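Observations on the three-dimensional arrangement
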Amino acid sequence: MSTSANNPLAIVSSAVQEHQNSPGGLLPLLHEIQAQLGYIPKDCVASIAAGMGLSRAEVHGVISFYHDFHDQPRGQTTIHLCRAEACQAMGARELEKHVKTRLGIDYGGTTADGRFSLEPVYCLGNCACSPSIRMGDDVFARVDAHRFDELLDNS
Amino acid sequence: MVKVFIPGDTTACAVGADEVAAEVALQAQKKGLEIEIIRNGSRGAFWLEPLLETEADTGRIAFGPMTTNAVAELFDAGFPAACEHPLKLGKVTDIAWLARQDRLTFIRAGITDPLSLKDYKELGGFEGLKNALDMSPAEIVEAVVQSGLRGRGGAAFPTGIKWRTVLNTPAEQKYIAANADEGDSGTFADRLLMEADPFQLIEGMTICAMAVGASEGFIYLRSEYPKALHTLKHAITEAKNANLLGDDIGGSGRRFHIQIRVGAGAYICGEETSMLESLEGKRGLVRFKPPLPAIEGLFGRPTVVNNVLTLAAVTTVLANGADHYRNYGTGRSRGTLTAQLAGNIRHGGLVEIPFGTSLRELVEQIGGGTITGRPVRAIQVGGPLGTYLPETRWDTPLDYESFADIGAMLGHGGIVVFDNSVDMLEQARFALEFCATESCGKCTPCRVGSVRGVELVDKIANQDQVTSNLELLEDLCETLDSGSLCAMGGLTPMPVRSAIKYFPQDFTRAAES
Ligand SMILES: Cc1cc2nc3c(=O)[nH]c(=O)nc-3n(C[C@H](O)[C@H](O)[C@H](O)COP(=O)(O)O)c2cc1C
Ligand code: SF4
């Protein structure tokens, strides 16, 4: 791996170049940076702003508005736990308690070993087979405490 | 070679379709059998997923819900022949749950390989666009008006009227924005369509572009749908390669391009003006209306914002004619309702039926009641801002007007079923908490009032001055109702008030005990 691939500022500047001329390109740009770095470092905001012709406040405003964007490093895998009604009807509240205890973290937290971050999500579109969770890009259905432990042990 | 079908759909995979597919490949190899595994879309009978199908002379024969353990057994019984096995469901088209539906929009879902243009065309795809390319913009708009189609995203605004406004607003550049934010809990129809039949969305958007004179389109897709993103990306490439998108659509000399934009986990960005802000790269703050997006929308230009299902339905209207579509439904609700049976339901999934069926028939007969086997207590229709309905309201026909008459809404067709273990105070609390979490922050009642509402519900739960706190909560609902710019704050009272009105014992119980 070249040094530039590890250098957040280099990644940011090449992503900025890619999205600079696309109208409304800030969201795709932020997604891109987060996909590569896992988060959007605070000290990159100035160069994002300069590259996109925005103020730093505007960029910060966008990052803080959307639940998906994070300005702190995250665990290797994000676990999204569905908290919405269809999952509630199938025991999501109990699952939520179990997951928090098992991982030892609350929403927004990352496990001490850096493997998992936990986030709430309001619907994964898997509502006929609730409760649902998402680990990385995979969605799992009918997850109870036992199934959750199994998924965690196998990951 | 025998064709075997195993859906690649999100829900199918969430219940193990990938593992079943791998096991089928392995067992076929062990037995030296040549089969072709097709990862079709799902038919939406999610209670039967993973649904394995094999092609027999008489049609496709289904087995389900499949497990990896049953695969070897199935091969021993003679699979991929239409062998006997406890999981055999018979001919797919004879499965009563599917057979009783009237599939117009989901006509191909689960039958085809989602990314096969050949499959799509063989089953009627691109007929609508072909017709549209021979019509004037005004004629296309008129067909959509005549069909009676109303927006499937929630507000049920007549689609043809919206298109007419954009057509009649002169501008150098106009846009189509497909709303694929599908944030409502209990809904998955947009996702199913995009994963199972993505060309239909592309075709619908293209027809819309031809009708109003737009050359650029965006699909605003929620980030929670990675599989739909993958499928749509490939479908757009396929369509471009076949000249069904691009600078010379079908040799007509007309142009239309589609870009996908991925959301970032904000429910409010499903609201059309918030979505436009987000597409412009900004915070998703709801805009004041007027101006209507149809007149000043994306980047200030006339923009059609339509839900995925609305755009998809247009392909049927243009292929089969406005009258064909209009003939389904009742009153001012024309065409089909794509109901989504979710939550605590035995036979959950996508049910496309004409408007007018009763909620009770849908949940009890088609849905088979709860999966826990306990009595149904409450049904929330229309997403997180929808009303909780008690049994006395279940005979209401599923159409826009009948639901409005009982102070409810169909919204995007999500139907979430709860059994009698539900605590309606918790549900009311959640509605307010959700509003607080997802508010765009522009209006004080929505941003601050919702937080205050959660506190009030907590006091009621703790038996703290129940009567006066319920009164305060009602006042708060009144403020949300009248002081909100959009339906996020404006409709949060629906689940809250209905929970209190129809299930009062859950709020006073604490005080009595
Ligand atoms: C809070 C809120 C969330 C919404 N979410 C969605 C959504 O996820 N998808 C959608 O199509 N419409 C959603 N809508 C409705 C849109 O504002 C708009 O009415 C719709 O996209 C128009 O398309 P249609 O006429 O085809 O329904 C939402 C509205 C509100 C107030
Ligand atoms: S009601 Fe809520 S979500 Fe809607 S504009 Fe006001 S603050 Fe934003």
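Summary of the structure given here.

Brief notes about the overall build of chain B
Across its full length, chain B carries 22 helices and 16 strands. Rg of the C-alpha trace for chain B: 24 Å, near the compact-globule value of 24 Å for 513 residues, within the 12% margin. Principal-axis analysis of the C-alpha atoms gives chain B an extent of 75 × 60 × 40 Å. Burial analysis of chain B (513 residues in total) assigns 60% to the buried set. As presented, chain B carries roughly 18200 Å² of accessible surface, and 50% of it is formed by carbon and sulfur atoms.

Brief notes about the interface of chain A and chain B
Contact residues are listed per partner, giving 39 residues for chain A and 57 residues for chain B. Taken together, the two surfaces of chain A and chain B that pack against each other cover about 3600 Å², and 56% of this comes from carbon and sulfur. At the junction of chain A and chain B, the tally comes to 2 salt bridges. Residue E433(B) pairs with R83(A) through a salt bridge whose shortest N-O separation is 2.9 Å. Our count for the chain A to chain B interface comes out at 26 residue pairs in polar contact (both at pLDDT 80 or more). Counting residues per element, the ones that place at least two in the side of chain A that touches chain B are α3 (26-37), α5 (56-65), α6 (85-88) and β4 (138-140) of chain A. Of the residues that constitute the side of chain A that touches chain B, the class distribution is 22 nonpolar, 10 polar and 7 charged.

Looking at empty space enclosed by the protein
Residue and element names in this part refer to chain B. In this structure the tally under the stated criterion is 4 cavities of 30 Å³ or more. A volume near 90 Å³ is recorded for the largest cavity. Its residues assigned to classes, the lining of the largest cavity shows 8 nonpolar, 4 polar and 1 charged. In this structure, the second largest cavity occupies an estimated 50 Å³ of space. If you go around the second largest cavity, the residues you meet are R152, L309, L337, T338, F355, Y400, L410, G411, H412 and G413. Here the residues of the lining of the second largest cavity are counted per class, giving 5 nonpolar, 4 polar and 1 charged.

Looking at the nonpolar core
Ranked by internal contacts, the top residues of the largest apolar core, which has 152 residues, are I48(A), Y66(A), W163(B), L201(B), I219(B) and L221(B). If one sorts the elements of this core by residue count, helix α10 (residues 198-212) of chain B sits on top with 10 residues. Beyond its immediate stretch of four places on either side in the chain, W163(B) contacts I140(B), V141(B), V144(B), I207(B), C208(B), A211(B), V212(B), V304(B), N306(B), L311(B) and V314(B).

Conventions used here
- Residues numbered from 1 in each chain as written.
- Chains lettered and ligands numbered in written order.
- Predicted model: local features only at pLDDT ≥ 70, side-chain atom pairs only at ≥ 80, totals over all residues.
- Heavy atoms only, no water.
- Helix = DSSP H or I, 4+ residues; strand = E, 2+ residues; numbered from the N terminus.
- Rg over C-alpha atoms; globule rule 2.2 N^0.38 Å.
- Buried < 20%, exposed > 50% of the residue type's maximum accessible area, 1.4 Å probe, protein only.
- Areas by Shrake-Rupley, 256 points an atom, 1.4 Å probe, with all protein chains shown as cover.
- Contact = heavy atoms within 4.5 Å.
- Buried area = accessible area lost by both parts, 1.4 Å probe.
- Salt bridge = Lys/Arg side-chain N within 4 Å of Asp/Glu carboxyl O.
- Polar contact = N/O pair within 3.5 Å; in protein donor to acceptor, adjacent residues only side chain to side chain.
- Nonpolar A, V, L, I, M, F, W, Y, C, P; charged D, E, K, R; others polar.
- 1 Å grid on protein atoms, 1.4 Å probe; cavity = no way out; pocket = protein on both sides within 12 Å on 5 of 7 lines; lining within 4 Å.
- Points joined across faces, edges and corners; volume = space filled by probe spheres on them.
- Core = buried A, V, L, I, M, F, W, Y, C linked by side-chain atoms within 4.5 Å.

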